[in-house]
Amino acid sequence: MPQSEFLREAIERGFVHQCTDLEALDLLLKTPPIGAYIGFDCTADSLHVGSLVQIMILRLLQKHGHKPFVILGGGTTRIGDPSGKDTARQMLDDDQIAANMRGIGRIFANFLRFDTQPDGAVFVNNAEWLDKLSYIELLREAGPHFTINRMLTFDSVKLRLEREQPLTFLEFNYMILQSYDFRELALRHNIQLQLGGSDQWGNIVSGVEFTRRTLARHVFGLTTPLITTASGAKMGKTAQGAMWLTADRLSPYDYWQFWRNTEDADVGRFLRLFTDLPIGDIERLEKLEGAGINEAKKILATAATSLAHGRDAALEAAETARLAFEQGEAAENLPGITVAPAALAEGIAAVRLLVDSGLVTSNGEARRLIKGGGARINDVPITEDGRVVTNADMIDGVIKLSAGKKQHRLVKLAEIGG
């Protein structure tokens, strides 16, 4: 069992998959603070739940007195990481990357403490050094330390080639730039540890070796496991789309519902990874069965939503769910859509409303939901896919639209002239 508090808890909670030298890292971590980083490329203006393990391990690191560095890929986003990708990433211009960087930066203020304390988190943009590199300089400095033979063995390259899918020379250079990042961060900020997902193992090992060879420093890499649900689904991907971490992309209510809908077999694991609840409390909750496991899911949902959106938003989402599900009320805080008064007066197909509201993604899916008895208007099942929704369905100025027992939307009238 590791001696450092960080590694002990990280292993206990399920964060540790691989490490370049676990014993030596454990000794280093016994004396905080050490600097550790994770890089986040700026391909969208938000991150989703698939990045949450990385955010949470930085949070755990800071909890134990170490200093987290959030590296925003202002430089590497212009190249594109091939890891886990079947096709080349869309090329973004500098304005898009800057806007995405600002959006992503908002997320971390909810999870990490940014201040001047020894363990205060820091943002760093790798464009600071990558944008200044000349090609010849990079070739001379980094080229001798990378062999094509070794690079072809990394999964990010090998899997793409095995599937006979194109891998551009641009993407092939990504691991060199990521390795260069580690070397620069060791020089500029004395960072000694890179963290990342298991799909980053090859890139991280390359960075460790490059930094050791060029700086003669012993640095470390540690990866987290790939998180899938008990049924094998990729974490953060649902029929409704990605589970984003910002409210303008996904409402706190929908985020709460995502965690509330966790599979029974995942509750304990997700409580460990995605909340700050003590292990003893989690061990008690994961033993619950029947109605008890639903209470554990609500605790998971409220704790996870509190981290991403604040305690008030989480409690409001939990109360909205209680009103909608336990009391059968169309709570005003449910997410919804607006329709034109004239359109509702004429009648709108229920199939169309199910799609427009985001409860389903296609007309075919809506019809299957209706056929299976899972679609409801004001808690009454829709019995035919030709059902038309009109003003007569309004109750207190709203219509409650449901898919199954857990997904609900309100249909409201748009204001005239609005």
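Everything quoted here is computed from the prediction, not taken from an experiment.

Conventions adopted
- Residues numbered from 1 in each chain as written.
- Predicted model: local features only at pLDDT ≥ 70, side-chain atom pairs only at ≥ 80, totals over all residues.
- Heavy atoms only, no water.
- Pairing = 2+ DSSP bridges.
- Helix = DSSP H or I, 4+ residues; strand = E, 2+ residues; numbered from the N terminus.
- Contact = heavy atoms within 4.5 Å.
- Axes fitted to C-alpha atoms, helices over the stretch in contact; angles between N-to-C directions.
- Salt bridge = Lys/Arg side-chain N within 4 Å of Asp/Glu carboxyl O.
- Buried < 20%, exposed > 50% of the residue type's maximum accessible area, 1.4 Å probe, protein only.
- Expected span 1.5 Å × (residues − 1).
- Core = buried A, V, L, I, M, F, W, Y, C linked by side-chain atoms within 4.5 Å.
- Parallel < 35°, antiparallel > 145°, perpendicular 65-115°, else oblique.
- Nonpolar A, V, L, I, M, F, W, Y, C, P; charged D, E, K, R; others polar.

Engineer: Teacher, can you tell me more about the sheet that holds strand β6 (residues 220–224) here?
Structural biologist: Strand pairing in a sheet is mediated by backbone hydrogen bonds. Such pairs are either parallel or antiparallel. If you walk across this open sheet you meet the six strands as β1-β6-β5-β2-β3-β4, and the pairing is mixed. Two strands in the sheet have a free side with no partner beyond their single neighbour: β1 (18–19) and β4 (122–125). Here five bridges tie strand β5 (residues 191–197) to β6, and the two strands are oriented parallel to one another. Looking at β6, one finds that Leu195 is bridged to Leu222. Along the sheet face, helix α10 (residues 174–189) touches β2 (35–41), β3 (67–73), β4, β5 and β6 and points at about 145 degrees away from the line of β5. Strands β1, β5 and β6 of the sheet are contacted by helix α11 (residues 201–215), whose axis makes an angle of about 170 degrees with β6.

Engineer: Help me out: how do you make sense of the pattern of salt bridges in this one?
Structural biologist: A side chain with one charge may pair with a side chain of the opposite charge, provided their charged atoms come close. All chains considered together, the criterion is met by 21 salt bridges. Of the charged contacts, one joins Lys63 and Glu9 as a salt bridge, the two residues approaching to 2.9 Å between their closest N and O atoms. In this pair, Lys63 sits in helix α3 (residues 52–63) while Glu9 sits in helix α1 (residues 5–13), placing the two residues 54 residues apart along the sequence. Residue Lys63 is classed as exposed on the basis of its relative accessible area, which comes to 54%. Residue Glu9 is classed as buried on the basis of its relative accessible area, which comes to 12%. Measuring nitrogen to oxygen at the nearest pair gives 3.2 Å for the salt bridge that ties Glu295 to Lys298. Of this pair, Glu295 and Lys298 both sit in helix α15 (residues 291–309), three residues apart, roughly one helical turn. Put simply, Glu141, Arg183, Glu184 and Arg188 are held in one network by salt bridges that share partners.

Engineer: I would appreciate a short explanation of unusual backbone geometry in the present structure.
Structural biologist: Most of the time, phi is negative for any residue but glycine, and the peptide bond is trans. The omega angle of the peptide bond from Pro32 to Pro33 is 0 degrees, so this bond is cis rather than trans. Of note, Asn190 is a non-glycine position whose phi angle comes to about 55 degrees, a positive value. In this structure, Asn190 sits in the loop between α10 and β5. Owing to a relative accessible area of 46%, Asn190 belongs among the partly exposed residues under this scheme. Although it is not a glycine, Ala216 sits at a positive phi angle of roughly 55 degrees.

Engineer: I would appreciate a short explanation of the sheet that holds strand β14 (residues 398–403) in the present structure.
Structural biologist: If you walk across this open sheet you meet the five strands as β9-β15-β14-β11-β12, and the pairing is mixed. In this open sheet, the two strands that pair with only one neighbour each are β9 (336–339) and β12 (380–381). As judged from the three bridges shared by strand β11 (residues 375–377) and β14, these two strands associate in the antiparallel manner. Bridging across to β14, Ile377 finds its partner in Leu401.

Engineer: What am I meant to see in the pairing of β9 here?
Structural biologist: One face of the sheet, then the other: side chains in a regular strand alternate in exactly this way. Alternating residues of β9 divide into Ile337 and Val339, all buried, and Gly336 and Thr338, none buried. Where β9 lies against strand β15 (residues 407–413), four bridges are found, and the strand directions are parallel. In the strand pairing of β15, Gly336 is matched with Leu410.

Engineer: Which parts of the structure should I look at to understand α10?
Structural biologist: The periodicity of an α-helix, 3.6 residues per turn, causes residues three or four positions apart to be oriented the same way. Taking 1.5 Å of rise per residue, 16 residues should cover 22 Å, and α10 covers 22 Å from first to last C-alpha, within 8% of that figure. Taken across its 16 residues, α10 has 13 buried, putting it largely inside the fold. Looking at the residues trailing α10, positive phi occurs at Asn190, about 55 degrees.

Engineer: Would you mind showing me how to read the environment of Leu271 here?
Structural biologist: Counting through the fold element by element, Leu271 comes out in helix α13 (residues 267–274). Leu271 sits in the buried class, given a relative accessible area of 0%. Residues Leu271 and Trp259 lie twelve residues apart in sequence; the distance between their C-alpha atoms is 10.0 Å. If we ignore the near neighbours within four places in the chain, the residues touching Leu271 are Arg13, Leu277, Ile282, Leu285 and Leu300.

Engineer: How should the nonpolar core be read in this particular structure?
Structural biologist: In summary, soluble globular proteins display a tendency toward joint burial of nonpolar side chains. Within the largest apolar cluster, 71 residues are counted, with the highest numbers of intra-cluster contacts made by Phe40, Leu52, Ile55, Phe108, Phe111, Trp259 and Phe274. Sequence-distant contacts of Trp259, that is, excluding residues within four places in its chain, are made with Val49, Leu52, Met235, Phe270, Phe274, Lys297, Leu300, Ala301, Ala304 and Thr305. In this structure, Leu133, Phe146, Met151 and Ile176 belong to the second largest nonpolar core, which totals 27 residues.

Engineer: I'm lost on the packing of helix α6 (residues 135–142) against α10 in this one. Help?
Structural biologist: Geometrically, a packed helix pair is captured by the angle between its two axes and the distance between the axes. The N-to-C vectors of α6 and α10 enclose an angle of 75 degrees; their axes lie 12 Å apart at closest approach. If you check the angle between α6 and α10, you find them roughly perpendicular. Touching Glu137, Leu138, Glu141 and Ala142 of α6 are Ile176, Leu177, Tyr180 and Arg183, all from α10. Counted by class, the contact of α6 with α10 contains five nonpolar, no polar and three charged residues.

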